[in-house]
Amino acid sequence: MKIFIDGKVRDTRAVWFENDKVMMIDQRHLPKKVVIVSFDDYIDVAKAIKNMTIRGAPSIGAAAAYAMCLAALKKCDLIKASKEIKEMRPTANDLFYAVDYMMVCLSEGKNPIKAAESYAQSIINKCIAIGKYGAELIKDHYKIMTHCNAGALATVDVGTAIAPMRQAWKDGKRFFVYVSETRPRLQGMKLTAWELLQEGIDHAIITDNSSGYFIKKGVDIVIVGADRIAANGDFANKIGTLEKAVLSKEFGVPFYVAAPTSTFDFNTKIGENIVIENREGEEVTTVDGVMVAPVGCKVLNPSFDVTPARYVTGFITDKGILKPNEIRKVIK
Ligand code: MRU
């Protein structure tokens, strides 16, 4: 992704490996400033996954692969490291997929750096393919809605839900994107809007609770990402996705889910079995560190919801656009 730092354009990724260190953009500071952090211990990368320095399912996966790489380079106990890394966040399948991938590579004696680099590159390649397939769905003058951040920050580079928009814009199509802010952490407003602004893609931030208003008024397509897709096509994504899916069906708007094959989990048969992360109430009661709720109130803060497959028009994957009942046949 191209980002502007101190007036200069820099080509970067959400996470990468340099001089035996894992480097990442600390997403907690965006859009105010671009802070790049580095880690040389796997446990610190694991903590960065937990505290949202890095987030978004495919980026979490790549960070986990690099964490395993550090553990191997420092000759740590790999079984212990793999368990600790997997404990950091429960919902995104990519975290588990990446750690298992690295365990296989390392048990086969593969070079840890090459294995992790090849994992991260494979994610980027998948996102490029998602962009090409998904761009076909976008027509000139479309009004598109997205939720949370499924852009380059969430996927090492390029994006999943945002990839078709990047590609279509490059192809010369002109359209407009509704970016829902995504309470409580505001990944839509802080991260997606920031990415679209840098790409020059026309968009507006909307409050989460105005999605129905805009869908009813006239959205042409909704495209979101996913954290885990069950075998029956039910999927977990950022809290607030379910409402958009149900509203889309009600008002006849095509609803697409963009995700690489690493997000599909056929060991989970139905969405009900997906573990939903509950995060601390402080995320809800404070805005940029300032308490805005009455002190002492209880807070419920599920970070994801599960949308039933019947609301999904199609999955935009690196293997093409698939209906929920086709995913098992095509993705191995
Ligand atoms: O809690 P987050 O910010 O990690 O949640 C991210 C999302 O829900 C994204 O939509 C999802 O990971 C898809 S990212 C391509």
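Residue numbering note: each chain is counted from 1, following its sequence as written. Predicted model: local features are reported for residues with pLDDT of at least 70 only, side-chain atom pairs are reported and counted for 80 or more only, and whole-chain, interface and lining totals are derived from all residues. No hydrogens and no water enter the side-chain calculation; it runs on all heavy atoms of the structure.

Asks: Help me understand the sheet that holds strand E6 (residues 143–147), please; the structure alone is not making it clear to me.
Replies: With mixed pairing, 7 strands are arranged side by side in an open sheet as E8-E7-E6-E9-E12-E17-E18. Each edge of the open sheet is held by one strand with a lone partner, namely strand E8 (203–206) and strand E18 (320–322). Each strand of the sheet is rotated relative to its neighbour by a mean of 25°, with strand direction disregarded. Strand pairing is assigned whenever DSSP detects at least two bridges linking the two strands. In this text, helices come from DSSP runs of H or I with a minimum length of four residues, and strands from runs of E with a minimum of two, each type numbered from the N-terminal end. Where E6 lies against strand E9 (residues 221–224), 2 bridges are found, and the strand directions are parallel. Residue pairing in the sheet places Ile144 in a bridge with Ile221 of E9. With respect to the sheet, helix H7 (residues 187–199) is in contact with E6, strand E7 (176–180) and E8, its orientation differing from that of E7 by roughly 160°. Fitted lines through C-alpha atoms serve as axes, helices being fitted only where they are in contact, and the angles separating the N-to-C directions of these axes extend from 0 to 180 degrees. A contact between two residues is defined here by any heavy atoms of the two lying within 4.5 Å.

Asks: Got a minute to help me understand H7 in this structure?
Replies: Since the α-helix packs 3.6 residues into each turn, any two residues three or four apart lie on the same face. End to end, H7 covers 17 Å across 13 residues, agreeing with the expected 18 Å (1.5 Å per residue, within 8%). The reported bend at a residue is simply the angle between two axes, fitted to the 7 residues ending at it and to the 7 residues beginning with it. Taking the largest bend as the criterion, H7 deviates by roughly 25°, centred on Ala193. Within H7, 10 of the 13 residues are buried, which leaves it mostly tucked inside the rest of the structure. Along H7, the residues that are buried comprise Gln187, Gly188, Lys190, Leu191, Thr192, Ala193, Trp194, Glu195, Leu196 and Gln198. Packed against the buried residues of H7 are strand E1 (2–5), E6, helix H6 (163–170), E7, E8 and strand E11 (235–238). Positive backbone phi, at 75°, marks Gly200, one or two positions downstream of H7. By definition here, a helix of n residues has an expected span of 1.5 Å times n minus one. Relative accessible area decides the class of each residue, using a 1.4 Å probe on protein chains only: under 20% of the type maximum gives buried, over 50% gives exposed, and in between gives partly exposed.

Asks: Help me understand the site of the ligand, please; the structure alone is not making it clear to me.
Replies: For this purpose, a residue is taken to be near a molecule or strand whenever a single non-hydrogen atom of the residue falls within 4 Å of it. Near the ligand, the surroundings consist of 19 residues, among which Arg55, Arg89, Asp227, Asn237 and Lys238 are the closest. Accessibility throughout is a Shrake-Rupley quantity obtained with a 1.4 Å probe, and a residue counts as covered only by protein chains that appear here. Within the complex, 100% of the 410 Å² of free accessible area of the ligand lies under protein. Secondary structure elements with two or more residues in the shell around the ligand: helix H2 (57–73) and E11. Charged means Asp, Glu, Lys or Arg here, nonpolar means Ala, Val, Leu, Ile, Met, Phe, Trp, Tyr, Cys or Pro, and polar covers whatever is left, Gly included. Taken together, the residues that form the shell around the ligand break down as 8 nonpolar, 7 polar and 4 charged.

Asks: How do you make sense of the pairing of strand E4 (residues 21–25) when you look at a structure like this?
Replies: Along any regular strand the residues' side chains alternate between the sheet's two faces. Counted residue by residue, E4 has 4 buried out of 5 residues, so it is predominantly covered. Inspection of the sheet shows strand E3 (residues 15–18) paired to E4 by 4 bridges, in the antiparallel sense. The residue of E4 that forms the bridge with Phe17 is Val22. In sequence, E3 turns back onto E4 through a hairpin of 2 residues, with Asn19 there showing a positive phi of about 50°.

Asks: Explain the sheet that holds E11 here, please?
Replies: Either a parallel or an antiparallel arrangement is found when strands of a sheet pair, and the pairing is made through backbone hydrogen bonds. The 4 strands lie next to each other as E13-E10-E11-E16, forming an open sheet whose pairing is mixed. Looking at strand neighbours, the two that pair on one side only are strand E13 (264–265) and strand E16 (304–307), the edges of this open sheet. Both strand E10 (residues 228–230) and E13 contribute to a ladder of 2 bridges, which runs parallel. Looking at E13, one finds that Ala230 is bridged to Asp265.

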